[in-house]
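Chain residues, written in single-letter form:
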2 protein chains.
Amino acid sequence: MKRSDRLVSLTHYFLENPKYHTSLPYFSEKYGAAKSSISEDLAIIDRVLQAEGTGHLQTLPGASGGVSFVPELSRENGSKFIAELRETLEDPARILPGGYLYMSDILGDPKMVNQIGRVLAAAFSGLAIDVVMTVATKGIPLAYAVAAVLNVPVVIVRRDPRVTEGSSVSINYVSGSSRKIQTMVLPKRSLQENANVCIIDDFMKAGGTINGMVSLLGEFNANVQAIGVLAEADDEEDERVVEHYTSLVKITNVDMKQNTIDVHPGNVADYQ
Amino acid sequence: MKRSDRLVSLTHYFLENPKYHTSLPYFSEKYGAAKSSISEDLAIIDRVLQAEGTGHLQTLPGASGGVSFVPELSRENGSKFIAELRETLEDPARILPGGYLYMSDILGDPKMVNQIGRVLAAAFSGLAIDVVMTVATKGIPLAYAVAAVLNVPVVIVRRDPRVTEGSSVSINYVSGSSRKIQTMVLPKRSLQENANVCIIDDFMKAGGTINGMVSLLGEFNANVQAIGVLAEADDEEDERVVEHYTSLVKITNVDMKQNTIDVHPGNVADYQ
């Protein structure tokens, strides 16, 4: 196979298999090419992906050596995306009764969701994460987008147990804003003991739901490595029960009378 | 920029933007290359992606001309994936009380989910689809995987309305297997009138839930273009209320005494 063809095929392979370690002999055999030629191909791909702020190829030398694609997002690409997101969210037509914001269109757009996932995954790329966890329903697409980049599975916490998931562990927790007692359930099979977990959700007010997930993880002796949300509302900062988290945007001053919303960058910029 | 670099960058661009039409002058300007050079690049990419059974580049000539990447899945790749899926599902440890199968690990694996999405999207690639619809919770990752390939948004039907989604349309329907009356809700904002919809879910027994979604779509004057499920159970075929659908696998004879399961290919092969 010619270099030009190999470059297309290899680029496709790496983008489809992020954070997956592949040996150089595998590629040599697949393409019927010398190891030195493959190495040159990899250098080209690495250079272009880095220049575009998409990630880089990590090469390990030696007998167990090989290469894996580490997805990244340049500070520039991340900031540009967050600026677009802020503009989209500041549309007054999004204001719903109770000062909530309509975000279902954003969470329903697979391209947007994948971008959000990339920003969060980039912030967590240096951490050892075994699994991404979220609670049904709205955080689910974001959790998959993050997990796809980190090449780890997703577990979904539910409000109600289901027969199709076998036996479960459940906890009661107090919702931060409404002060109501609620229940969360996770199937026993879905999480190993001592797993390193990244919690993802779409929105955080006081943080009661996320705090509930942290408590549930305690029952599995799991370690919370990171918490990531698309948006945080800062109007309840005094009551916040979650301290360390990463957010893309911070929503303030949802003013139903003036029909305005202020959306600021979240603290993700501090991690980049 | 050299051809080798352009090939990496272009391959990345097309895989990130499936079914998105881009003009040739855009690429000429981006890479500072002649239109003829770009055309040669596109021919190479098209040839490699076709040879790998991943899809092809569709080129439209003329003033409004340009190119888009049409993701596909070769019959060979699809059959291979379904064979692996059958083997994974036939593990007797998956049998749960009531003859249900544990599938959360498969639905929790982003790579697996994206593959399932590709098989279903390939079956529907000739149809005009504006939006993918599913019902919370388990079908959500599959719906996003299909929608990402088709480059369309996702709408999620819920069992309960939420204040964060504004006003909604709800229907009552009879669950196929349990014969219970249940409710389904879709926010008014989430679907345009006369939309062409593809319904996706993880599992279908009698089809009551999917039939409920079809009724709900009637309230929006939407057109059901396709119905796709990961698995169908054939033990209730007599009672099935949904006729036209596409499935990846068909689960039969979940025998709790013998501790065996039979998993056959679904009818997706007929569409490929």
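About the criteria used
Residues numbered from 1 in each chain as written. Chains lettered and ligands numbered in written order. Predicted model: local features only at pLDDT ≥ 70, side-chain atom pairs only at ≥ 80, totals over all residues. Heavy atoms only, no water. UniProt positions renumbered as here; feature names shortened; annotations may be inferred. Pairing = 2+ DSSP bridges. Helix = DSSP H or I, 4+ residues; strand = E, 2+ residues; numbered from the N terminus. Axes fitted to C-alpha atoms, helices over the stretch in contact; angles between N-to-C directions. Contact = heavy atoms within 4.5 Å. Salt bridge = Lys/Arg side-chain N within 4 Å of Asp/Glu carboxyl O. Buried < 20%, exposed > 50% of the residue type's maximum accessible area, 1.4 Å probe, protein only. Polar contact = N/O pair within 3.5 Å; in protein donor to acceptor, adjacent residues only side chain to side chain. Nonpolar A, V, L, I, M, F, W, Y, C, P; charged D, E, K, R; others polar.

Going by what an unreviewed UniProt entry lists, chain A is known as Pur operon repressor and is assigned to Lentibacillus salinarum. Reading the Subunit (unreviewed entry) entry of the UniProt record for chain A gives the comment "Homodimer." Of the comments in the UniProt record for chain A, the one headed Sequence similarities (unreviewed entry) reads "Belongs to the purine/pyrimidine phosphoribosyltransferase family. PurR subfamily."

Chemist: Explain the sheet that holds strand β4 (residues 154-157) of chain A to me, and be specific about the residues and the numbers.
Modeler: Residues and elements named next belong to chain A. Overall, mixed pairing links the 6 strands, which are arranged β4-β3-β7-β8-β9-β10 in an open sheet. Looking along the sheet, the strands with just one partner apiece sit at the ends: β4 and β10 (260-265). Averaged over neighbouring strand pairs, the angle between their axes works out to 25° when direction is ignored. Here strand β3 (residues 131-135) pairs with strand β7 (residues 196-204) via 3 bridges, running parallel. The partner of Met-133 across the bridge, within β7, is Ile-199. Relative to strand β9 (residues 246-255), helix α6 (residues 110-123) is tilted by about 125°, and along the sheet it contacts β7, β8 (223-233) and β9.

Chemist: Got a sec to walk through the pattern of salt bridges? Specific residues and values, please.
Modeler: Within this structure, the stated rule accounts for 12 salt bridges over all chains. Residue Arg94(A) pairs with Asp105(A) through a salt bridge whose shortest N-O separation is 2.8 Å. With Arg94(A) in the loop between α4 (75-89) and α5 (104-107) and Asp105(A) in helix α5, this residue pair connects regions lying 11 residues apart in the sequence. Accessibility expressed as a relative area gives 6% for Arg94(A), which makes it buried. A relative accessible area of 38% means that Asp105(A) is categorised as partly exposed. Salt-bridge contacts for Asp41(B) lead to Arg3(B); the nearest nitrogen and oxygen are separated by 2.6 Å. Of this pair, Asp41(B) sits in helix α3 (residues 35-51) while Arg3(B) sits in helix α1 (residues 3-16); the two residues are 38 residues apart in sequence, bridging distant segments of the chain. You can call Asp41(B) buried: its relative accessible area is 0%. In this structure, a network of salt bridges that share partners links the residues Arg3(A), Arg6(A), Glu40(A) and Asp41(A).

Chemist: Please set out the interface of chain B and chain A residue by residue, giving values where relevant.
Modeler: On the chain A side, the residues contacting the 55 residues of chain B number 55 residues. Notably, a salt bridge pairs Glu16(A) with Arg118(B), separated by 2.8 Å at the nearest N-O pair. Remark: the boundary between chain B and chain A carries 16 residue pairs in polar contact (both at pLDDT 80 or more). Among the elements that make up the side of chain B that touches chain A, the one with the highest residue count is α1(B) (9 residues). The residue inventory of the side of chain B that touches chain A, partitioned by class, reads 29 nonpolar, 13 polar and 13 charged.

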